[in-house]
Amino acid sequence: MLCLVKVCRVLNFALCNDARKDKVPWPESLTLYRGGALPKEHRLWFKELKTGDKFRAPRYTATSNKLHVAETFLANNSDPYKKDGVIWVIKLDRIYKCKHVNYLDAISSCKGEAEFLFQAYSPFEVEDVKEPTDSEPFTTITLKAAVDGKHESEHLPLSPWG
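Computed from a predicted structure; not experimentally measured.

### Concerning the overall build of the protein chain
No. 1: Scanning the protein chain from N- to C-terminus turns up 4 helices and 8 strands.
No. 2: Moving toward the C terminus, one meets the helices and strands of the protein chain in the order α-α-β-α-β-β-α-β-β-β-β-β.
No. 3: When the 162 residues of the protein chain are sorted by exposure, 40% land in the buried category.
No. 4: In the protein chain, the share of contacts with a sequence separation of at least 24, taken over all contacts with a separation of at least 6, comes to 78%.
No. 5: Just so you have it, the protein chain exposes about 9,700 Å², and 56% of that area is on carbon and sulfur atoms.

Have a look at this one:
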């Protein structure tokens, strides 16, 4: 475990510094997307979230500023028998953006995905959770990324999936 902590610290130090933030091509909409699957056993946890609820995502969370990239991950990972499709919509602060997300396209092996990676234990605030409909057969979870995780409680609930 200590080895993993060291790797995370090095990654955070290398990627989360103010000099790099000036070079980030922030999307004009300040919106990021993540697509994938939500195991049925975790759906209830997210369904019970209310607007304004906060939580931390205990894993690194990969996102893109391109909705079609998220939709590709949604299509490739959902399974109607085991997992529900989900699109995460993550909004960034208009002025301060987010200090714990990093733009990785320059160092990614998947060029063109426009990948933004949130650090492990990043805090988010719920804006909306939409259930699947006939026209959108997947859950849509809209979140607001905290500007700086240091200013949020360390005792926020941890999401079971993300």
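Next comes the rest of the account.
### A look at the pattern of salt bridges
No. 1: Taken as a whole, this structure holds 4 salt bridges when the rule is applied.
No. 2: When the shortest N-O distance is used, the salt bridge between Arg43 and Glu131 registers 2.3 Å. Taken as a pair, Arg43 in helix H3 (residues 40-47) and Glu131 in the loop between strand E7 (122-130) and strand E8 (139-145) lie far apart in primary sequence, 88 residues in all.
No. 3: Judged by its relative accessible area of 23%, Arg43 is partly exposed.
No. 4: Note on Glu131: relative accessible area 31%, which makes it partly exposed.
No. 5: For Lys54, the salt bridge is made with Glu152, and the minimal N-O distance between the two is 3.0 Å. Placement of Lys54 in strand E2 (residues 54-57) and of Glu152 in the segment after E8 is noted, with a sequence separation of 98 residues between them.

### Examining helix H4 (residues 67-77)
No. 1: If you check which residues of H4 are buried, you get Val69, Ala70 and Leu74. On an axial view of H4, the arc spanned by its buried residues comes to 145°, and they lie on one face. Projecting away from the buried face of H4 at angles above 90 degrees are the exposed residues His68, Ala75 and Asn76.
No. 2: Buried residues along H4 sit in contact with strand E1 (31-39), strand E3 (61-64) and strand E4 (83-91).

### Overview of the environment of Cys98
No. 1: With respect to the secondary-structure elements, Cys98 resides in the loop between E4 and strand E5 (101-103).
No. 2: With 49 residues separating them in the primary sequence, Cys98 and Val147 have C-alpha atoms 4.3 Å apart.

### Topic: the packing of aromatic side chains
Each pair of aromatic rings is reported with the distance of its centres and the angle of its planes.
No. 1: Within the structure shown, the criterion is met by 8 aromatic pairs.
No. 2: Seen from their ring centres, Trp45 and Phe46 are 4.9 Å apart, and the 80° between their planes marks the pair as edge-to-face.
No. 3: Trp45 gets classed as partly exposed once you look at its relative accessible area, which sits at 26%.
No. 4: What makes Phe46 buried here is its relative accessible area of 1%.
No. 5: Seen from their ring centres, Phe46 and Phe55 are 6.3 Å apart, and the 80° between their planes marks the pair as edge-to-face.

### A closer look at the nonpolar core
No. 1: Ranked by internal contacts, the top residues of the largest apolar core, which has 24 residues, are Leu92, Phe118, Phe124 and Leu143.
No. 2: Those elements that place two or more of their residues in this core are E1, E2, E4, E5, strand E6 (115-118), E7 and E8.
No. 3: Not counting residues up to four positions away in its chain, the partners in contact with Leu92 are Trp26, Leu30, Leu32, Lys97, Cys98, Phe118 and Ala145.
No. 4: Within the second largest apolar cluster, 6 residues are counted, among which are Tyr33, Ala70, Leu74 and Phe138.

### Regarding the confidence of the model for the protein chain
No. 1: Overall, the predicted model of the protein chain reaches an average pLDDT of 86, with 84% of residues at or above 70.
No. 2: Mean pLDDT per element in the protein chain: helix H2 (residues 18-21) is the minimum at 56, and E2 is the maximum at 96.

### Thoughts on the environment of Ser122
No. 1: In this fold, Ser122 is placed in strand E7.
No. 2: Overall, the relative accessible area of 2% leaves Ser122 in the buried class.
No. 3: Through-space distance from the C-alpha of Ser122 to that of Ala57 is 5.5 Å; in sequence the pair is 65 residues apart.
No. 4: Excluding residues within four positions of it along the chain, Ser122 makes contact with Phe55, Arg56, Ala57 and His100.
No. 5: A distance of 2.6 Å separates the side chain of Ser122 from the backbone oxygen of Gln119, its partner in a polar contact.

Thresholds, definitions, all that
- Residues numbered from 1 in each chain as written.
- Predicted model: local features only at pLDDT ≥ 70, side-chain atom pairs only at ≥ 80, totals over all residues.
- Heavy atoms only, no water.
- Helix = DSSP H or I, 4+ residues; strand = E, 2+ residues; numbered from the N terminus.
- Buried < 20%, exposed > 50% of the residue type's maximum accessible area, 1.4 Å probe, protein only.
- Contact = heavy atoms within 4.5 Å.
- Areas by Shrake-Rupley, 256 points an atom, 1.4 Å probe, with all protein chains shown as cover.
- Salt bridge = Lys/Arg side-chain N within 4 Å of Asp/Glu carboxyl O.
- Arc of directions from axis to C-beta.
- Phe/Tyr/Trp six-rings, centres within 6.5 Å; stacked < 30°, edge-to-face > 60°.
- Core = buried A, V, L, I, M, F, W, Y, C linked by side-chain atoms within 4.5 Å.
- pLDDT = per-residue confidence, 0-100.
- Polar contact = N/O pair within 3.5 Å; in protein donor to acceptor, adjacent residues only side chain to side chain.

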